[in-house]
Amino acid sequence: MMMLVSYDVARDEKGEKRLRHVAKILENYGQRVQYSVFECLVEPSQWVELKSKLLSEINPDYDSLRFYSLGANWQRKVEHVGQKKSMNLQDDVLIL
């Protein structure tokens, strides 16, 4: 299933660290499509794990997370215009 995750982390003294941690967690599950927006193609068990990691990282008094479930047929729900074409998350990726 495709999950769209956006975040806003406060820039207080500890916020910078939380911001880096949230971004790093999301980089392990998906691709950044905007500065604080990630597309994550995950299995339900991976989603539970990802959400738990994110919720344990933020301070809900200062930060926010938004989760959008685009489901299994997400391709017909997403339209992209402009630069920075996203990669197909269902293709094999070769990391050198």
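In this text the structure is predicted, and so the values were computed from the model without any measurement.

Moving on, we get to the nonpolar core. Ranked by internal contacts, the top residues of the largest apolar core, which has 18 residues, are Tyr7, Val22, Leu26, Cys40, Leu50 and Leu54. Elements represented by at least two residues in this core include exactly β1 (2–8), α1 (15–27), β3 (37–41) and α2 (44–57). At five residues, the largest contribution of residues to this core is made by α1. Among all residues touching Leu26, those that are not within four sequence positions of it are Val5, Tyr7, Phe38, Cys40, Leu50 and Leu54.

A separate point is the sheet that holds strand β4 (residues 64–71). One open sheet accounts for four strands, arranged β2-β3-β1-β4; its pairing is antiparallel. In this open sheet, the two edge strands, each paired with only one partner strand, are β2 (31–34) and β4. When strand polarity is set aside, the average angle formed by the axes of neighbouring strands in this sheet is 25°. The pairing of β1 with β4 spans seven bridges and is classified as antiparallel. For Met2, the partnering residue across the bridge sits in β4 and is Gly71. α2 rests against β1, β3 and β4 of the sheet, and its axis sits at about 165° to β4.

Look at the UniProt record and you will see "binding site: Mg(2+)" (unreviewed entry) annotated at Asp8. Its location among the elements puts Asp8 in strand β1. Among the residues examined, Asp8 registers a relative accessible area of 53% and is labelled exposed. For Asp8, the residues in contact, after removing those within four places along its chain, are Asp63 and Ser64.

Each regular strand shows side chains that alternate between the opposite faces of the sheet. Burial analysis of β1 places five of its seven residues in the buried class, the great majority of the element. As paired elements, β1 and β3 share five bridges and run antiparallel to each other. Note that in β3 the partner of Val5 across the bridge is Phe38.

It is worth spelling out the pairing of β3 at this point. With respect to burial, β3 is a largely interior element, four of its five residues being buried. Two strands pair when backbone bridges link them, and β2 and β3 are joined in this way by three bridges, in the antiparallel orientation. Within β3, the position partnered with Arg32 by the bridge is Phe38. Where β2 hands over to β3, the hairpin turn is made up of two residues, counted between the paired strands.

Calculation criteria
Residues numbered from 1 in each chain as written. Predicted model: local features only at pLDDT ≥ 70, side-chain atom pairs only at ≥ 80, totals over all residues. Heavy atoms only, no water. Core = buried A, V, L, I, M, F, W, Y, C linked by side-chain atoms within 4.5 Å. Buried < 20%, exposed > 50% of the residue type's maximum accessible area, 1.4 Å probe, protein only. Helix = DSSP H or I, 4+ residues; strand = E, 2+ residues; numbered from the N terminus. Contact = heavy atoms within 4.5 Å. Pairing = 2+ DSSP bridges. Axes fitted to C-alpha atoms, helices over the stretch in contact; angles between N-to-C directions. UniProt positions renumbered as here; feature names shortened; annotations may be inferred.

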